[in-house]
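# Notes for the structure review
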Amino acid sequence: MLVAGVDSSTQSTKVLLCQADDGAVVGQATAPHPDGTECDPELWWQALTAAGQGLLDRADAIGVAAQQHGMVVLDEAGQVIRPALLWNDMRSAPQAAALIAELGGPAEWARQTGSVPTASFTVTKLRWLAEHEPAAAARVARVLLPHDWLTWRLADGPVRGAAARGGAASGGPASGRPASGGPAEPTTDRGDASGTGYFSPADNRWLPEIAEAALGHPVRLPRVAAPAETVARTPGGTVLSAGTGDNMGAALGLGLDLGEVVVSIGTSGTAYAVAAGPAADESGLVAGFADATGRFLPLVATVNAARVLTVTARMLGIDTESLSRLALAAAPGAGGLTLLPYLDGERSPNRPGASGVLHGLTSSNTTPENLARAAVEAVLCSLADAIDDLADCGITAQRVILIGGAARSEAVRSVAPTIFGVPVTVPPPAEYVALGAARQAAWALSGAAEPPHWPVAGFSAQYTADPVPLVRQRYAALRDATGGWS
């Protein structure tokens, strides 16, 4: 039997077709998304239709993982009201601060929802909508997350207007026939729900009063499905699993176990670990998410990650592979250059109005090699801070599993253990979010108590090196000295 996993990320849709018994990939494709911090969900659907052609119709089950936090607002007829605000849209930072104060402060938010919301969280975007687009807010009858909406569309959710009725998007890439009006009720899973700001991971239930307070009126929320549940079928009969958020999907794709810390360096940076109990960090640095299996996934996210390397390479007029070579040609510490990589504001620490800072410039250290090295060290120092935040919640990293697009950089791999201070394992390159979604689909198809065992295919590289404390010390000094800057 075959199962398909979908990763609908900020930048693209990826589809993997896998064997249900061992996860072996038998087909894959991708389609791009437009750049930006908001997106018409219909463009995700078009990308899924394109990437899924010839793959989804061969699957016995489909799972969808997607970027967390995105606000998809629907009217009474199930029509999308406005483009979805994405996780990396920082415009709702003032609303986040107001909501934190209204509910009783950070400690109360952590107690109720496991997290202290930042501008990334869905709840803050609802308040922004109420304040800045009141006419649109008044029409909102239902709020979904990106993976909820895509799963619903696969199950023949409502037709999206004349353009949808006229094209392949009206039925769905697994169905090959027009939509029937969508009898399926939207669903979500506890992992993705835990990133909204109005769900309790500890109690496994929505907190609709918080969503209502943010938006200004009651709103319908999707049913929270069990981890291995079949939530619907496509018109062609293909099983649909509950789906989940992208970080939860990656954890499932990696087969992450207790005590292992993952650092992912992609569009965003994340550090997370599977835990047996819920987290409630009132500092707001650690988000107390749930995972896709019934456990928990404490997570620290940064806005600035792989893009810092891309931007630095652009400044130097080179590609990222050349940037890696330059970085490895410089000594640890980059000759005294320290980069604070908050190029697009930052979420951890919560500095939505911040910008990047390059410190320590002299006439002798301003070389391409040192600038490249400073960029690599900056991204890794930011994520080392994230690992320390997890440690404050009782999760100690014995090793780090390094994934994401930037994990393909030899400089990132080699420098990482000098910054993290622990051995680093780099599993073979794979689409782990899509792989986790496929594994969830296989789990739903099997009806078993636990997800199927899928071994990681290929060779995992191991990196060790002596720590270089001075790099983190300089980084911390710059981070702390700029705390009041905007």
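Here the structure is shown first, and the text comes after it.
As a starting point, this report considers the structure included with it. (Residues numbered from 1 in each chain as written. Predicted model: local features only at pLDDT ≥ 70, side-chain atom pairs only at ≥ 80, totals over all residues. Heavy atoms only, no water.)

## With respect to the environment of E102
To keep things clear, this is the line we draw: Helix and strand labels come from DSSP, where a helix needs a run of H or I of at least four residues and a strand needs a run of E of at least two; each type is numbered from the N terminus. Between buried and exposed lies partly exposed: a residue is buried under 20% and exposed over 50% of the maximum accessible area for its type, with that area taken using a 1.4 Å probe on protein chains only.
Turning to its location among the elements, E102 is positioned in helix α2 (residues 93-102). Residue class for E102 comes out exposed when judged on its relative accessible area of 51%. Along the backbone, E102 and A213 are 111 residues apart, and their C-alpha atoms lie at a distance of 9.4 Å.

## With respect to the pattern of salt bridges
Cut-off, in case you're wondering: Note on definitions: salt bridges are taken to be side-chain nitrogens of Lys or Arg within 4 Å of carboxyl oxygens of Asp or Glu.
According to the stated counting rule, one finds 24 salt bridges in the structure shown. A salt bridge links R479 to D385, with the shortest nitrogen-to-oxygen separation between them at 2.8 Å. Here R479 is found in helix α16 (residues 469-481), whereas its partner D385 is found in helix α13 (residues 368-392), with 94 residues between them in sequence. Residue R479 shares its accessibility class with D385, and that shared class is buried. A salt bridge links D388 to R472, with the nearest nitrogen and oxygen atoms 2.9 Å apart. In this pair, D388 sits in helix α13 while R472 sits in helix α16, placing the two residues 84 residues apart along the sequence. With a relative accessible area of 35%, D388 lands in the partly exposed category. Connected through shared salt-bridge partners, E38, R82, D89, R91 and E133 make up one network.

## Quick look at unusual backbone geometry
The omega angle of the peptide bond from S348 to P349 is 0 degrees, so this bond is cis rather than trans. With respect to the element layout, P349 can be found in the loop between β20 (338-340) and β21 (357-359). Here the phi dihedral of H69 falls at roughly 75 degrees; this positive angle occurs in a residue that is not glycine. Within the fold, H69 resides in the loop between β5 (61-66) and β6 (72-74). By relative accessible area, which is 3% here, H69 ends up buried. Of note in this structure, A334 is not a glycine but carries a positive phi near 55 degrees.

## Some thoughts on the pairing of strand β3 (residues 25-32)
Using the following cut-off: Here a strand pair is declared whenever DSSP counts at least two bridges between the two strands.
Of the strand pairs in this sheet, strand β2 (residues 12-19) and β3 are connected by 7 bridges, and their pairing is antiparallel. Bridge assignment links C18 to a residue of β3, and that residue is V25. Taking the residues between adjacent antiparallel strands as the criterion, β2 and β3 are bridged by 5 residues, where G23 takes a positive phi near 80 degrees.

## Regarding the packing of aromatic side chains
Test applied: Any two rings among Phe, Tyr and Trp, with Trp reduced to its six-membered ring, count as a pair given centres within 6.5 Å; such a pair is stacked if its planes are under 30 degrees apart, edge-to-face if over 60, and tilted if neither. Here, a charge over a ring means that NZ of Lys or CZ of Arg falls within 6 Å of the ring centre while also lying within 35 degrees of the ring normal.
Taken as a whole and assessed by the stated rule, the structure comprises 3 aromatic pairs. Between F121 and F289, the aromatic rings sit 6.2 Å apart at their centres with planes inclined by 40 degrees, giving tilted as the arrangement. Of this pair, F121 sits in the loop between α3 (106-113) and α4 (122-132) while F289 sits in strand β18 (residues 287-290), and the two are 168 residues apart along the sequence. Here F121 matches F289 in class, with each residue buried. Among the aromatic side chains, those forming a connected cluster through ring pairs are Y198, F199 and W206. Sitting over the face of the ring of F296, R190 holds its NZ or CZ atom 5.0 Å from the ring centroid.

None of the figures reported here should be taken as evidence of function without further support.
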